[in-house]
Amino acid sequence: MLKTAYCGDLRESDEGLDVVLAGWVHRRRDHGALIFIDLRDSRGIIQVVFDPKQAPQAHAVASEARVEYVLQVEGRVRRRRAGTENASLATGAVEVQATSAQILNSAKTPPFYINEDVDVDETLRLRYRYLDLRRQRMHGNIVLRHLVTRKIRGYLAERGFVEIETPVLANPTPEGSRDYLVPSRINPGNFYALPQSPQQFKQLLMVAGFERYFQIARCYRDEDLRADRQPEFSQLDLEMSFAGQEDILQLIEQLYIEIGRELRPDLNIPVPFARLSYEEAMRRFGSDKPDLRYGLELVDLTNAVRGTPFLVFKSATDSGGTVEGIVVPGGAAFSRKEIDALTETVKTYGARGLVSIAYLADPANAGEEQLRSPVLKFLGADHARALGRVAGARAGDLLLIVAGVGGAPAKDAGSSGRVKPALDALRRALAAKLGLADPNTLQFCWILEFPLFEWSDEDERYYSVTHPFTAPLDADREFAADPGAAHSQSHDLTCNGQEIGGGSIRIYQRSLQAEVFRALSLSDEETRERFSHMLEAFEFGAPPHGGIAMGLDRTLALFAQDDDIRNVIAFPKTKSASDPMTGAPLPVDPAQLDELGLRLKDP
RNA sequence: GGCCCCGUGGUGUAGCGGUCUAACAUGCCACCCUGUCACGGUGGAGAUCGAGGGUUCGAAUCCCUUCGGGGUCGCCA
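1. Thoughts on unusual backbone geometry
- Following Val271, the chain continues to Pro272 via a peptide bond in cis, the omega torsion being -10°.
- Summarising the element assignment, Pro272 is placed in the loop between helix 6 (245–263) and strand 11 (274–277).
- The omega torsion of the bond from Ala584 to Pro585 falls at 0°, within 30 degrees of zero and hence cis.
- As for its placement among the helices and strands, Pro585 is situated in the loop between helix 15 (552–559) and helix 16 (590–595).
- In the Ramachandran plot, Glu449 falls in the positive-phi region, its phi being about 55° despite a non-glycine side chain.

Spelled out as structure tokens, the structure:
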């Protein structure tokens, strides 16, 4: 090794130690004679002092060195002079007095700052990803990722889980998201698909008798990207035989608690995790992944607005729609401009508009002049007061209301037009505006009992909300009469308004599976074609089983307190699924296409 | 696929019809400086404003197209 110690590891206890260090020049401070270099390696930064009187050769090297040069330094660790300690550095109590030094490599001036945490253009960061990853924040994220996956492996291994790899070249699946396809040279005209998840394989591993399987699996989905979506991403995928839902929940909950305690003890993680049924989450928060760090719960005002002549509300109730709102404590002080901005937010999510009523006094006895609303004359003071009472508004509060007409898309059962999504968006916008969400809290919440099926108006049939192997609740075994009302033994884990994982107890009996396929209006032929290998396997003594898949990237984003999963992935892709560093994806040689039996369509 | 935002010296920003022969900070180069730690000081180099087209007497500034990046809805679990 060209070094005997890591820069970032040196402490007061190392005083007097002779060390050889090697690393990058983080910063250089040249005082004419004395030169200070902050030398950085993978573990951190140490100040090295170059004194021309004591070590002229080392000093000459330090004069020549520039930012990001690779240096080897020999010297002695010593306590810093009194008053010159640097509390902002982990190594700040000591420094290294250089006795000799070598430049191992020079470096061009970097295209962006490595020694400062400033926002840099994304393309530039990705083009020079190896420099971006040198930055301490990014470096820390990637190391944290290692620590988390190491923790996961240890935790699950201790509990008897076996790590098993599944194919990356897998079979295409028509349902779900779009597949990444890989043409087969040996079987011209046929394609593999990169797995959207190892779902089928993990269930087959249960049939294979492993009982407890896990994998940190790469998954691929060819859909439009977002800050929290990459074309390839990682899941902690696991499956257990002879386990009930509670076993899975406890397993994952304990894992996340331990990750938090060991790796981010400074974060606040309320335990036990909250639990909500899908229906309750939708009713109270308008979302199946509510952020529970703050209130701002939805209130149903449908009954309270009955009889109002106000057309917006009347047409909603008359058509079987709903009217719901959110009380904003202290929101009566919002300006017209602020309310307009919130109106724009709900409109983006499909609401027609936003009705606001400000209560300058308690709604129970507010005079007409103490009610402020652009629609007061249509609504009437009595109704305005009644709405405030029902909603629980107090003096100084603002009631924001969205009305949705009925007969709206029956998708996600129980929703009322676009009211829920709009109020969910409103709730998040308000929390952001008012700073209600504590950034140092990870508020986990299980969402249970999702609907088993959802109806598609377009295709006039039911679809599985998760996938067709999801078991119904025991109470909903007889779902055939009304599939839309049945619920599943499913579980999503959410945190701070994000979904970070999900799974279910699976169906393992042939007859129940057949009923599900019937409810999905799939013919025997179709089921055989798509799921024959699964169904056949289940006939050979499939154990009761269930599992979950956790989004590893999102999990890391949470623990790293970063809202972009690109910052916890070493080599991510841009929003257009390309890599500015390698240039991928790229055109290929016609000979390669020919070999695969492919011809490109003219653009 | 829709909508929105961004693209100016190496980096981050300002400028938003003539006074821009483009400003500021930082970085870079040179010189000075023995205790700094985003060291300090003096001086210097460095962009024709993503690309193409148009409007105009005149465009970084307005319009169109296009490329790249980002956000978001749809999509996606």
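2. With respect to the packing of aromatic side chains
- The full count for this structure, using the stated rule, is 13 aromatic pairs.
- Three or more aromatic residues link up through ring pairs in this structure, and these residues are Tyr256, Phe273, Phe444 and Phe559.
- The ring of Tyr155 carries Arg159 above its face, with NZ or CZ at 3.6 Å from the centroid.
- Looking at Arg461, its charged tip hangs above the ring of Tyr463, at a distance of 3.8 Å from the centre.

3. Things to note about the domain arrangement of chain A
- For chain A, the assigned domains are domain 1 (7–105), domain 2 (118–262 + 551–603) and domain 3 (294–434).
- Computed from C-alpha coordinates alone, the two centres of domain 1 and domain 3 are separated by 62 Å.

4. Comments concerning helix 14 (residues 524–538)
- Helix length check: helix 14, at 15 residues, gives a terminal C-alpha distance of 16 Å against a target of 21 Å (1.5 Å per residue), a shortfall beyond 12%.
- Bending of helix 14 peaks at approximately 90° at the position of Phe531.
- Residues Thr527, Phe531, Met534, Leu535, Ala537 and Phe538 constitute the buried set of helix 14.
- Buried positions along helix 14 lie against helix 5 (199–207), helix 13 (510–519) and strand 22 (545–551).

5. Regarding the protein's contact with RNA strand B
- By nearness alone, 45 residues border RNA strand B, and Asp30, Lys53, Thr84, Tyr113 and Lys575 come closest of all.
- Looking at RNA strand B alone, sugar and phosphate atoms form 55% of those within 4 Å of the protein.
- Within the contact set of RNA strand B, a base nitrogen lies 2.6 Å away from a side-chain nitrogen or oxygen of Glu95.
- In the model, a phosphate oxygen of RNA strand B is placed 2.7 Å from a nitrogen or oxygen of the Tyr349 side chain.
- Mapped by element, the contributors of at least two residues to the surface near RNA strand B are strand 1 (18–30) and helix 2 (122–127).
- Here the surface near RNA strand B is built from residues that sort into 10 nonpolar, 13 polar and 22 charged.

6. Considering the pairing of strand 4 (residues 70–79)
- Both strand 1 and strand 4 contribute to a ladder of 7 bridges, which runs antiparallel. Following the sheet pairing, Leu21 is matched in strand 4 by Val73.
- Two strands pair when backbone bridges link them, and strand 4 and strand 5 (residues 94–105) are joined in this way by 10 bridges, in the antiparallel orientation. Following the sheet pairing, Arg78 is matched in strand 5 by Glu95.

7. Digging into a negative patch on the surface
- On the surface, Asp457, Glu458, Asp459 and Glu460 cluster together into a patch of negative charge.
- Residue placement: Asp459 occurs in the loop between strand 18 (453–456) and strand 19 (461–464).

8. Considering the state of the cysteines
- Under the defined criterion, the tally for this structure stands at 0 disulfides.
- Between Cys445, a free cysteine, and Cys495, which holds the nearest cysteine sulfur, the sulfur-to-sulfur gap is 9.7 Å.

9. Re the sheet that holds strand 5
- An order of 1-2-3-5-4 is seen for the 5 strands of this closed barrel, with the pairing classed as mixed. The average undirected angle you get between the axes of adjacent strands in this sheet is 55°.
- Lying over the sheet, helix 1 (residues 56–64) contacts strand 1, strand 2 (35–41), strand 3 (44–50) and strand 5, oriented at roughly 65° with respect to strand 5.

10. Quick look at the sheet that holds strand 13 (residues 322–328)
- Taken in spatial order, the 5 strands of this open sheet run 12-13-16-14-15, and their pairing is antiparallel. Either end of the sheet is taken by a strand with one partner, and the two such strands are strand 12 (298–300) and strand 15 (371–372).
- Alignment of strand 12 against strand 13, held across 3 bridges, turns out to be antiparallel. By the bridge assignment for strand 13, Asp300 is matched with Glu324.
- This element, helix 12 (residues 419–434), spans strand 12, strand 13 and strand 16 (398–404) of the sheet and lies at about 10° to strand 13.

Criteria and thresholds
- Residues numbered from 1 in each chain as written.
- Chains lettered and ligands numbered in written order.
- Predicted model: local features only at pLDDT ≥ 70, side-chain atom pairs only at ≥ 80, totals over all residues.
- Heavy atoms only, no water.
- Helix = DSSP H or I, 4+ residues; strand = E, 2+ residues; numbered from the N terminus.
- Phe/Tyr/Trp six-rings, centres within 6.5 Å; stacked < 30°, edge-to-face > 60°.
- Lys NZ or Arg CZ within 6 Å of the ring centre and 35° of its normal.
- Domains from an automatic or database assignment.
- Expected span 1.5 Å × (residues − 1).
- Bend = angle between axes of the 7 residues up to and from the residue.
- Buried < 20%, exposed > 50% of the residue type's maximum accessible area, 1.4 Å probe, protein only.
- Contact = heavy atoms within 4.5 Å.
- Near = heavy atom within 4 Å.
- Polar contact = N/O pair within 3.5 Å; in protein donor to acceptor, adjacent residues only side chain to side chain.
- Nonpolar A, V, L, I, M, F, W, Y, C, P; charged D, E, K, R; others polar.
- Pairing = 2+ DSSP bridges.
- Patch = residues over 30% accessible without salt bridge, like charges linked within 9 Å, V, L, I, M, F, W, Y side chains within 5 Å.
- Areas by Shrake-Rupley, 256 points an atom, 1.4 Å probe, with all protein chains shown as cover.
- Salt bridge = Lys/Arg side-chain N within 4 Å of Asp/Glu carboxyl O.
- Lys, Arg positive; Asp, Glu negative; His and termini not counted.
- Charge placed at Lys NZ, Arg CZ, Asp CG, Glu CD.
- Disulfide = S-S within 2.5 Å.
- Axes fitted to C-alpha atoms, helices over the stretch in contact; angles between N-to-C directions.

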